[in-house]
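Results of the structural survey
Letter by letter, the chains look like this.
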Amino acid sequence: MCRSIKTLRPPYTEAPTEADMRAAALQYVRKISGFRSPAAHNSVAFERAVEDVTAATAALLQSLEVRGHHS
């Protein structure tokens, strides 16, 4: 049901895109909800969760200080 979520920080991924973060968020929400595609009555909550996790991912990646990595 759920592929592995890839690491999105350097040096694993140099410049993660919004699409990368959303893909990881979608995989996470699918995994924890148990739904690959939610029923209509759960679709708003599912999509909101994907958006929230995407935003949290972006905030985390912007806040991390990766030592020993030179750009």
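This one's a predicted model, so the numbers in the text were calculated from it and none came from an experiment.

1. Description of helix α1 (residues 18–33)
- Between the first and last C-alpha of α1 there are 22 Å, a value that for 16 residues agrees with the 22 Å anticipated at 1.5 Å per step.
- Directly after α1, the chain includes G34, whose backbone phi takes a positive value near 80 degrees.

2. Some words on helix α2 (residues 43–63)
- The first and last C-alpha atoms of α2 sit 30 Å apart over 21 residues, in line with the 30 Å expected at 1.5 Å per residue.
- Listing the buried residues of α2 in full gives F46, V50, T54, T57 and A58. Seen along its axis, α2 keeps its buried residues to an arc of 110 degrees; they face one direction. Structural note: α2 exposes V44, Q62 and S63 on the side pointing more than 90 degrees away from its buried face.
- On its buried side, α2 packs onto α1.

3. Re a nonpolar patch on the surface
- Taken together, the side chains of I5, Y28 and I32 present a nonpolar region at the surface, about 300 Å² in accessible area.
- Position of Y28 among the secondary structure elements: in helix α1.

4. As for the layout of surface pockets
- Counted as a void, the largest pocket has a volume near 180 Å³.
- I5, K6, L8, R9, A24, A25, Y28, V53, A56, T57, L60 and L61 together form the lining of the largest pocket.
- Of all the elements in the fold, those that place two or more residues in the lining of the largest pocket are α1 and α2.
- Residue contributions to the lining of the largest pocket peak at five residues, all from α2.
- Tallied by class, the residues present in the lining of the largest pocket amount to nine nonpolar, one polar and two charged.

About the criteria used
- Residues numbered from 1 in each chain as written.
- Predicted model: local features only at pLDDT ≥ 70, side-chain atom pairs only at ≥ 80, totals over all residues.
- Heavy atoms only, no water.
- Helix = DSSP H or I, 4+ residues; strand = E, 2+ residues; numbered from the N terminus.
- Expected span 1.5 Å × (residues − 1).
- Buried < 20%, exposed > 50% of the residue type's maximum accessible area, 1.4 Å probe, protein only.
- Arc of directions from axis to C-beta.
- Contact = heavy atoms within 4.5 Å.
- Patch = residues over 30% accessible without salt bridge, like charges linked within 9 Å, V, L, I, M, F, W, Y side chains within 5 Å.
- Areas by Shrake-Rupley, 256 points an atom, 1.4 Å probe, with all protein chains shown as cover.
- Salt bridge = Lys/Arg side-chain N within 4 Å of Asp/Glu carboxyl O.
- 1 Å grid on protein atoms, 1.4 Å probe; cavity = no way out; pocket = protein on both sides within 12 Å on 5 of 7 lines; lining within 4 Å.
- Points joined across faces, edges and corners; volume = space filled by probe spheres on them.
- Nonpolar A, V, L, I, M, F, W, Y, C, P; charged D, E, K, R; others polar.

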